[in-house]
Amino acid sequence: MSQDQELFAGDVLLNLAQNGGLVLDADEAEARITELRRTLAFGHALLADPDYTGPEARLREILDELPKYVEAFQLATKSFTPR
């Protein structure tokens, strides 16, 4: 599958987290959330850059999708029970 045809997994991750199928400890989730927030900030900065010549529509799709990942990782920590 080419990059312009890749599907996003935000809804899948959210569903898994809501149903207890995605579980992360707080440190792991926070590391992932931090990286996602950096990616979001970088993406928004690209869109604000008048010299950006990349695929704007695709970037907007990605920026709309990433908050689902953040929410999923936040929910996944609430399901975590240390063994």
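Scroll up a little and you will see the structure.
Let me sum up the structure you'll find in this document.

Quick look at the nonpolar core
In this structure, Leu 22, Leu 36, Tyr 69, Ala 72 and Phe 73 are the most contacted members of the largest nonpolar core, which totals 17 residues. Contributing elements (two or more residues each) for this core: α1 (10-18), α2 (26-48) and α3 (56-78). Looking at this core, the element that brings in the most residues is α3, giving eight residues. Setting aside chain neighbours within four positions, we find Leu 36 in contact with Leu 66, Tyr 69, Val 70 and Phe 73.

Re α1
Gly 10, Leu 13, Leu 14 and Ala 17 are the residues of α1 that are buried. Burial along α1 is one-sided: seen end-on, the buried residues are contained in an arc of 100 degrees. Looking at the buried positions of α1, the neighbouring elements they touch are α3. Phi for Gly 20, located one or two positions after α1, is positive at around 80 degrees.

Overview of α3
With 23 residues, α3 should reach 33 Å at 1.5 Å per residue; the first-to-last C-alpha distance of 35 Å fits that figure. Among the residues of α3, those classed as buried are Arg 58, Leu 59, Leu 63, Glu 65, Leu 66, Tyr 69, Val 70, Ala 72, Phe 73 and Ala 76. At its buried positions, α3 is contacted by α1 and α2.

A short note on the environment of Asp 27
Here Asp 27 shows up in helix α2. Distance from Asp 27 to Thr 77, taken between C-alpha atoms, is 8.9 Å for residues 50 residues apart in sequence.

Side note on the pattern of salt bridges
Under the criterion given, the structure shown has six salt bridges. The residue Asp 11 makes a salt bridge to Lys 68 at a minimum N-O spacing of 3.1 Å. Within this pair, whereas Asp 11 is found in helix α1, its partner Lys 68 is found in helix α3, the two being separated by 57 residues in sequence. You can call Lys 68 partly exposed: its relative accessible area is 24%. The structure contains a network of salt bridges with shared partners spanning Asp 11, Glu 65 and Lys 68.

Overview of the packing of α1 against α3
To characterise two packed helices, one gives the angle between the axes of the helices and the distance between these axes. Running from N to C, α1 and α3 point in directions that differ by 15 degrees, and their axes come no closer than 8 Å. Judged by the angle between their axes, α1 and α3 are roughly parallel. Classified by chirality, the crossing of α3 by α1 is left-handed. Contact residues: α1 offers Gly 10, Asp 11, Leu 13, Leu 14, Ala 17 and Gln 18, while α3 offers Glu 65, Lys 68, Tyr 69, Glu 71, Ala 72, Leu 75 and Ala 76. Class assignment for the residues of the contact of α1 with α3 results in seven nonpolar, two polar and four charged.

About the criteria used
- Residues numbered from 1 in each chain as written.
- Predicted model: local features only at pLDDT ≥ 70, side-chain atom pairs only at ≥ 80, totals over all residues.
- Heavy atoms only, no water.
- Core = buried A, V, L, I, M, F, W, Y, C linked by side-chain atoms within 4.5 Å.
- Buried < 20%, exposed > 50% of the residue type's maximum accessible area, 1.4 Å probe, protein only.
- Helix = DSSP H or I, 4+ residues; strand = E, 2+ residues; numbered from the N terminus.
- Contact = heavy atoms within 4.5 Å.
- Arc of directions from axis to C-beta.
- Expected span 1.5 Å × (residues − 1).
- Salt bridge = Lys/Arg side-chain N within 4 Å of Asp/Glu carboxyl O.
- Axes fitted to C-alpha atoms, helices over the stretch in contact; angles between N-to-C directions.
- Parallel < 35°, antiparallel > 145°, perpendicular 65-115°, else oblique.
- Left-handed = near helix turned anticlockwise from the far one by under 90°.
- Nonpolar A, V, L, I, M, F, W, Y, C, P; charged D, E, K, R; others polar.

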